[in-house]
Amino acid sequence: MFSRLALSLGLLAGLSPAAGFAAERPVVVELFTSQGCSSCPPANAYLNELSRSRRDVLALAFHVTYWDRLGWRDPFSLAAATDRQGVYGGRFGDGSYTPEIVVDGAASMVGSDRGEVGSAIENAKRQGRNAAAVHVTKNGEQVSIEVGAGSGSGRILLIGFDHEHTTAIGRGENGGRTLTEANVVRSIRSIGQWSGAALRLNEHFPEGQDVAILLEAPDGRIIGAARLGLAGST
């Protein structure tokens, strides 16, 4: 559970200067968590605060599956969340653990360490650049995703999430507690590739109350992001 922040900040600094001309976008904060993990509630509470108070942050809670066999099955656990964390763990070299926060796909640390996470967010705001503007709108049962022209390449991820859930935990390490969790991810899907040219995609509204779009570079950095209902990519 060692921090990867020092190792990872160099990735943010290595973004192409040409990417800086795109509009500002929210810093993406991914929490990997589980209702079965007794050390996760403080990190969950921090993510809840970020989701409510920081319009410059896109906070998402990814509930992993590997705690499900240890006394309590998290109703929001997703194999795709476990897989996503596994990719980060392999890239950074220290595996998967909870609670873990990954900032902009480039810096990772213990999710309950508010000081370190806060520093990573501010560093991402200073050094991170947007490869292209990203916009998402809803039209009936469809969402329209626009990625502007820019420099670089990446895959486009469609993420569905719920605004908030309150769960009474019946067993496991958090048995007897009631947990309130914000921005709970319900679905993750890759919907296309971006290669620098502007493009538009139409997709069925994913599972979840709200939608986030991530533009992810080949090395895993987030180089574009937007949330449904916010103007542009703010």
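Residues numbered from 1 in each chain as written. Predicted model: local features only at pLDDT ≥ 70, side-chain atom pairs only at ≥ 80, totals over all residues. Heavy atoms only, no water.

A. Expanded view of the overall build of the chain. A count of helical and extended segments in the chain gives 4 helices and 11 strands. For the chain, the residues scored as buried account for 53% of the 234 residues in total. When contacts within the chain are restricted to residue pairs at least 6 apart in sequence, long-range pairs at least 24 apart make up 72% of them. (Helix = DSSP H or I, 4+ residues; strand = E, 2+ residues; numbered from the N terminus. Buried < 20%, exposed > 50% of the residue type's maximum accessible area, 1.4 Å probe, protein only. Contact = heavy atoms within 4.5 Å.)

B. The arrangement of the side chain of Thr167 in detail. Tracing the backbone shows Thr167 in strand β7 (residues 154-168). Separated by 3.3 Å, the side chains of Thr167 and Gln35 make a polar contact. Setting aside residues no more than four positions away along its own chain, Thr167 makes contact with Gln35, Trp72, Phe76, Arg177, Thr178 and Leu179. (Polar contact = N/O pair within 3.5 Å; in protein donor to acceptor, adjacent residues only side chain to side chain.)

C. Main features of the packing of aromatic side chains. Following the criterion strictly, the structure yields 3 aromatic pairs and no others. Judged by centre distance (5.3 Å) and plane angle (25°), the rings of Phe32 and Phe62 are stacked. With Phe32 in strand β1 (residues 27-33) and Phe62 in strand β2 (residues 57-63), this residue pair connects regions lying 30 residues apart in the sequence. Classification of Phe32 as buried rests on a relative accessible area of 0%. By relative accessible area, which is 0% here, Phe62 ends up buried. Between the aromatic rings of Tyr88 and Phe92, the centroid separation amounts to 6.5 Å while the plane-to-plane angle is 25°, which identifies the pairing as stacked. Placement of the pair is Tyr88 and Phe92 together in helix α3 (residues 79-92), with a separation of 4 residues, close to one helical turn. Residue class for Tyr88 comes out buried when judged on its relative accessible area of 2%. For Phe92, a relative accessible area of 11% puts it in the buried group. One aromatic cluster is present, built from ring pairs that chain together Phe32, Phe62, Tyr88 and Phe92. (Phe/Tyr/Trp six-rings, centres within 6.5 Å; stacked < 30°, edge-to-face > 60°.)

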